[in-house]
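# Tertiary structure, described
Chain by chain, the residues run as shown.
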Amino acid sequence: DARLKGTVYRIRGSVPASSYLQLPRTGTQSLGLAGRYLYLLFRPMPRKHFVVHLDVATEENQVVRISFSNLFKEFKSTATWLQFPFVCGAAKGSAADRAARTSRRGLVGAAPADVRWTCLVLDLHSILSLYLNRRYGHLKSVKLCSNLLVKNLCTSDLVFDPGVTFSEAQQADLACRGVAPMPREMAFPVPKGEKWHDLYDYIRFPSEGSKLPYDSIQKSCLGPVAVSEDPVQQLPQPVTLTKAVRDRLSLIHQITSPKAVSAPW
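Keep in mind the model is a prediction, meaning the values are calculated, not measured.

Looking now at the overall build of the chain. Summing up its helical and strand segments, the chain has five helices and 13 strands in all. A buried classification covers 47% of the 265 residues belonging to the chain. In the chain, 73% of the contacts between residues at least 6 apart in sequence involve partners at least 24 apart.

Okay, here's the thing in structure tokens:
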């Protein structure tokens with residue numbers, strides 16, 4: 001890809017279930033990646049739908065599937081499967097972007113014509129803890145289903161911020177806050193005079209410090225941050241769960257929580 005100055009994988013097809021890229025290739029293998037955060041650099045194809053499946057293992061070796069897609073209309077969950085609607089972001093200032101900013105839930109559905117490249121950061125540890133009361137072990141596999149473009153993906157225990165350079169990170173001493181600049185292999189190019197957040201979307205899910213589960217993955221629709229210029233603070237604000245979803249999650253926690261057992265004497 002000339003704009004991104006690197007290799008881009010295009011996954012397309014009319015049926016996501018039969019048009020996909022799977023890592024590793026066979027179900028008997030495992031990636032075994034233990035990093036807390038999954039970073040995915042991707043762009044949904046305009047006016048299309050996509051699906052991503054992540055199979056993760058808990059410390060108890062229970063396999064849980066985490067899926068997100070702009071095909072999903074609502075959050076669904078079982079003890080072994082979480083499905084999140086994904087709201088695609090449009091170019092800043094476009095008609096789709098303005099509509100999303102005025103909508104409480106954003107625009108769920110096919111990607112807009114001017115959908116942007118996105119750096120998605122999934123906190124796998126927090127997702128399993130918040131939704132299923134489980135402890136994250138490792139990432140077993142990734143299945144990227146049509147229709148989307150993918151630049152790269154990785155896992156890490158570090159929080160990478162794509163909006164800061166290595167020199168800026170050193171000057172601000174971001175390392176003491178557990179934040180590091182994005183590795184070059186995972187970076188989007190930023191032309192001179194431009195700002196990263198004006199060109200691309202950054203979504204961290206769940207948002208930093210979140211103590212409650214939320215029912216969709218999307219970029220903040222609050223507009224440009226005026227309080228602080230610090231890109232580390234520009235984090236997405238998830239929407240609130242419906243009562244039905246809260247009740248269902250409460251039931252899952254009751255089912256999956258360890259039960260106290262009295263030892264015989």
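What follows covers the nonpolar core. The biggest cluster of nonpolar side chains holds 37 residues, and the ones touching the most others in it are F68, F84, L122 and Y131. Sort the elements by how many residues they give to this core and helix α2 (residues 124-132) lands first, with six residues. Apart from residues no more than four positions distant in its own chain, F68 is found in contact with L40, F42, F50, V51, V52, F84, F86, L120, L122 and I217.

Within the open sheet, the six strands sit side by side as β2-β9-β4-β5-β7-β6. Their pairing is mixed. Among the strands making up the open sheet, the edge pair consists of β2 (20-23) and β6 (76-77). Bridge count between strand β4 (residues 51-58) and strand β5 (residues 63-69): seven bridges; the pairing is antiparallel. Directly across from A57, in β5, lies its bridge partner V63. On the sheet, α2 packs against β4, β5, β7 (81-85) and β9 (136-145) and is oriented at approximately 105 degrees with respect to β7.

One key point about sheets: their strands pair by backbone hydrogen bonds, in either a parallel or an antiparallel sense. One open sheet accounts for five strands, arranged β1-β10-β3-β8-β13; its pairing is mixed. Either end of the sheet is taken by a strand with one partner, and the two such strands are β1 (9-11) and β13 (201-205). Looking at each pair of strands side by side, their axes are set apart by 30 degrees on average, direction ignored. Where α2 meets the sheet, it contacts β3 (37-44), β8 (118-123) and β13, and its direction lies at approximately 50 degrees from that of β8.

Our focus in this paragraph is α2. Since the α-helix turns once every 3.6 residues, residues separated by three or four places project in the same direction. Of all nine residues in α2, seven are buried, a share of seventy percent or more. L124, S126, I127, L128, L130, Y131 and L132 are the residues of α2 that are buried. After α2 finishes, the residue N133 shows a positive phi value of roughly 55 degrees.

Our next topic: the packing of aromatic side chains. Inspection of the entire model under this criterion finds 16 aromatic pairs. Both rings, one in F188 and one in W196, keep their centres 6.2 Å apart while their planes meet at 25 degrees; by these two values the pair is stacked. Like W196, F188 is buried. Of the aromatic side chains, those joined through ring pairs into one cluster are W117, F188, W196, Y200 and Y202. The ring centre of Y20 lies 4.1 Å from the NZ or CZ of K143, which sits over that ring.

The next thing to look at is the pairing of β13. For β13, the buried fraction is high: five of the five residues fall into the buried class. Across the two faces of β13 the burial is the same, with D201, I203 and F205 and Y202 and R204 all buried. With five bridges connecting them, β8 and β13 associate as parallel partners. Its bridge partner being in β13, T118 is matched across the sheet by D201.

Procedures and definitions
- Residues numbered from 1 in each chain as written.
- Predicted model: local features only at pLDDT ≥ 70, side-chain atom pairs only at ≥ 80, totals over all residues.
- Heavy atoms only, no water.
- Helix = DSSP H or I, 4+ residues; strand = E, 2+ residues; numbered from the N terminus.
- Buried < 20%, exposed > 50% of the residue type's maximum accessible area, 1.4 Å probe, protein only.
- Contact = heavy atoms within 4.5 Å.
- Core = buried A, V, L, I, M, F, W, Y, C linked by side-chain atoms within 4.5 Å.
- Pairing = 2+ DSSP bridges.
- Axes fitted to C-alpha atoms, helices over the stretch in contact; angles between N-to-C directions.
- Phe/Tyr/Trp six-rings, centres within 6.5 Å; stacked < 30°, edge-to-face > 60°.
- Lys NZ or Arg CZ within 6 Å of the ring centre and 35° of its normal.

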